[in-house]
Amino acid sequence: MECIFVNGGRALNGTVAASGAKNSALAIMTATLLCGGKHRISGVPDLRDISTMKRLLEHLGVQIKGESEFELDATHIDIVDAPYELVKTMRASFLVLGPLLARFGNARVSLPGGCAIGLRPVDMHIKAFEAMGADIKIENGYVHAVCERMHGARILLDMPTVGGTENIMMAACLADGVTVIENAAREPEISDLALALRSAGARITGDGSGTITIEGVKELAPIVHTVMPDRIEAGTLLIAGAITAGDVTVDNCPVEYMGATLEKLREVGCVVDASGDSVRICSNGSLQPVEVTTSPYPGFPTDMQAQLMSLLTLAEGTSLIRETVFENRFIHVAELDRMGAHIRVERDCAIVTGVAQLEAARVMASDLRASASLILAGLAARGTTVVSRIYHLDRGYEALEKKLQHLGADIRRGQE
Ligand code: EPU
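Residues numbered from 1 in each chain as written. Predicted model: local features only at pLDDT ≥ 70, side-chain atom pairs only at ≥ 80, totals over all residues. Heavy atoms only, no water.

Novice: Lay out the overall build of the chain with the relevant residues and their values.
Specialist: Within the chain, the secondary structure is distributed over 14 helices and 24 strands. For 416 residues, the compact-globule formula gives about 22 Å, and the C-alpha radius of gyration of the chain, at 21 Å, lands near that figure. When the backbone C-alpha atoms are referred to their principal axes, the chain occupies close to 65 × 45 × 40 Å. Within the chain, counting contacts between residues at least 6 apart in sequence, those at least 24 apart form 74% of the total. As displayed, the chain has an accessible area near 15900 Å², and 49% of this comes from carbon and sulfur atoms. (Helix = DSSP H or I, 4+ residues; strand = E, 2+ residues; numbered from the N terminus. Rg over C-alpha atoms; globule rule 2.2 N^0.38 Å. Contact = heavy atoms within 4.5 Å. Areas by Shrake-Rupley, 256 points an atom, 1.4 Å probe, with all protein chains shown as cover.)

If you want it as structure tokens, here you go:
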């Protein structure tokens, strides 16, 4: 089995760059289904989720060339069916539903099912498409949607779902009339998708706020876009500096979208300097406990919760972490406790009592961000931590161990 071996205890120093944002790239790739012609998307990170999305789009008929700079030709779509085998491995696959339905009037997409971090239903996506005129049946685990011509609608989301907002926004680009999404998600990746869609002639305003207005157009042109940098990867690399009492600079940071993370790291006692698109973090190893609640953007991101928790295991006192976005995103707690951390979970709260030192252990990754948190803990622990099930890590971090090696970490991938 492939594992990551981390010899902890080295302070990390130096400069690395964040890659393109996974969650932005995935959505923008599905948007290419909205029209034929050659789309150009640059800054796409080299990740397993991107390969999965590539396979799904190719299955539908999209021709894809290139590595980090993709040329996607969605002129000949032969199939409007996204099979379970591809959707179950990556929930973002469900985002093909909106574009396929809007362009072809027909789509059949597997229901994604639950995953390690929660149930993650897609009811809000489905309700919105029905409001836009689609006839939707759920049969044998598949969503089958049919609609001769979608029309605009006023959609009030029960909660600001990121994927739901993206799916509706894409479909609305080709619907008749105006769609207004209220209580829309405000995540920067949604604005990046809107920017990509506008490059194709879409009429979208209000992205980045809770109300997004989309005026449908008859047809779009190919997208030309560079994916924004990954704020979660950047935050993870900054915590690698903080947890090792190091001095790390991350270039290519989307600083304006990292407010909640940078503020929390300052509150923990790190010196955090942002200048242009670079962020430098220094820590003398003295970490203060904090209280943090995850919430939709601009709140503290749930995708940074596990990594911050690793840092707080070494704080001088007791921290409180409340997870409000996903109902089961504390699976890493048991693994961190095996490394000597003192964390207790009560409902949606993790109570983290800092310890002076973490100890290496064999640990198992349960999801993408959990695997990052275990590697971070390993960087600070005494001894060699072995992290297994690292396919979770490869889904969403481009060359993480190489970037950490570059900063001086003793980390390698190997067979156990
Ligand atoms: N929800 C519903 N019904 C719906 C849709 C969502 O109840 O129809 C609930 C979910 O179960 C969850 C909450 O709403 O409790 C938020 O889910 P959301 O739809 O916003 O999440 P998502 O679109 O499935 C994206 C990211 C996640 C990130 C969340 C929250 C992508 C591909 N994924 O997921 O990223 O955690 O937004 O910010 O964009 C990751 O990168 O590790 C990751 C999990």
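Novice: I'd like to hear about unusual backbone geometry, residue by residue, with values.
Specialist: Cis geometry is adopted by the peptide bond preceding P298, which originates at Y297 and carries an omega value of 10 degrees. You can see P298 is positioned in the loop between β18 (291–293) and α10 (305–312). Of note in the backbone geometry, N140 takes a positive phi value of approximately 50 degrees without being a glycine. Turning to its location among the elements, N140 is positioned in the loop between β8 (135–139) and β9 (142–146). Classification of N140 as exposed rests on a relative accessible area of 75%. (Buried < 20%, exposed > 50% of the residue type's maximum accessible area, 1.4 Å probe, protein only.)

Novice: Describe the site of the ligand, naming the residues involved and giving the relevant values.
Specialist: Around the ligand there are 20 residues in total, and D123, T161, G163, D303 and V325 lie nearest to it. A distance of 3.0 Å separates an oxygen atom of the ligand from a polar side-chain atom of K22. The side chain of D303 places a nitrogen or oxygen atom 2.6 Å from an oxygen atom of the ligand. When the ligand sits alone it has 840 Å² of accessible area, and the protein chains cover 88% of it. Secondary structure elements with two or more residues in the shell around the ligand: α1 (22–31), α5 (123–131), α6 (162–172) and α12 (368–380). In terms of residues, the shell around the ligand owes the most to one element, α5, which gives three residues. (Near = heavy atom within 4 Å. Polar contact = N/O pair within 3.5 Å; in protein donor to acceptor, adjacent residues only side chain to side chain.)

Novice: So, the pattern of salt bridges: which residues are in play, and what are the values?
Specialist: For side chains of opposite charge, pairing can occur when their charged atoms come near one another. Within the structure shown, the criterion is met by 25 salt bridges. Among the ionic pairs, R149 bridges to D176, the shortest N-O distance being 3.0 Å. Of this pair, R149 sits in the loop between β9 and β10 (154–156) while D176 sits in the loop between α6 and β11 (178–182), and the two are 27 residues apart along the sequence. On the accessibility criterion, R149 (38% relative accessible area) is partly exposed. Notably, a salt bridge pairs E267 with K264, separated by 3.1 Å at the nearest N-O pair. On the criterion of helical spacing, the pair formed by E267 and K264 is a turn pair, its members being three residues apart in helix α9 (residues 259–267). Each of E2, D394, E401 and R413 takes part in one network of salt bridges that share partners. (Salt bridge = Lys/Arg side-chain N within 4 Å of Asp/Glu carboxyl O.)

Novice: So what about the packing of helix α4 (residues 97–104) against α6? Which residues, and what values?
Specialist: At a minimum axis separation of 7 Å, α4 and α6 run at an interaxial angle of 15 degrees. Classified by the interaxial angle, the pair formed by α4 and α6 is roughly parallel. Between α4 and α6 the crossing geometry is right-handed. The segment α4 lies against α6, with L97, G98, P99 and A102 engaging N167, M170 and A171. Residue classes in the contact of α4 with α6 are distributed as five nonpolar, two polar and no charged. (Axes fitted to C-alpha atoms, helices over the stretch in contact; angles between N-to-C directions. Parallel < 35°, antiparallel > 145°, perpendicular 65-115°, else oblique. Left-handed = near helix turned anticlockwise from the far one by under 90°. Nonpolar A, V, L, I, M, F, W, Y, C, P; charged D, E, K, R; others polar.)

Novice: Got a sec to walk through the packing of aromatic side chains? Specific residues and values, please.
Specialist: A complete count under the given rule lists one aromatic pair for this structure. Geometrically, the ring pair formed by Y257 and Y297 is edge-to-face, given 6.3 Å between the ring centres and 65 degrees between the ring planes. One end of the pair, Y257, is in the loop between β15 (247–251) and α9; the other, Y297, is in the loop between β18 and α10, and 40 residues separate them in sequence. Taking the relative accessible area as the measure of exposure, Y257 reaches 26% and is therefore partly exposed. Take Y297: its relative accessible area is 17%, and that puts it in the buried class. (Phe/Tyr/Trp six-rings, centres within 6.5 Å; stacked < 30°, edge-to-face > 60°.)

Novice: Could you give an account of the environment of I411, with specific residues and numbers?
Specialist: Inspection of the secondary structure assignment puts I411 in strand β24 (residues 410–415). The class for I411 is buried, based on a relative accessible area of 3%. In this structure the C-alpha to C-alpha distance between I411 and T385, which are 26 residues apart in sequence, comes to 9.5 Å. Setting aside residues no more than four positions away along its own chain, I411 makes contact with I4, F5, V6, I375, E401, L404 and Q405.

Novice: Go over the nonpolar core with me, naming the residues and quoting the values.
Specialist: L57, M132, M169 and L197 are the most contacted members of the largest nonpolar core, which has 79 residues in total. Here this core gets six residues from one element, more than from any other, and that element is α1. L197 has contacts with A31, L34, M169, M170, C173, A202 and I204, leaving out every residue within four places of it along the chain. With 67 residues, the next largest nonpolar core counts L12, I281, L374 and L404 among its residues. (Core = buried A, V, L, I, M, F, W, Y, C linked by side-chain atoms within 4.5 Å.)

Novice: Talk me through the sheet that holds strand β3 (residues 38–42); I want residue IDs and the actual numbers.
Specialist: Taken in spatial order, the four strands make up an open sheet running β4-β5-β3-β14, and their pairing is mixed. With partners counted over all chains shown, the strands left at the sheet margins are β4 (63–65) and β14 (224–226), one partner each. Adjacent strand axes in the sheet meet at a mean angle of 15 degrees when their direction is disregarded. Alignment of β3 against β14, held across three bridges, turns out to be parallel. Bridge pairing in β14 places S42 opposite T226. (Pairing = 2+ DSSP bridges.)

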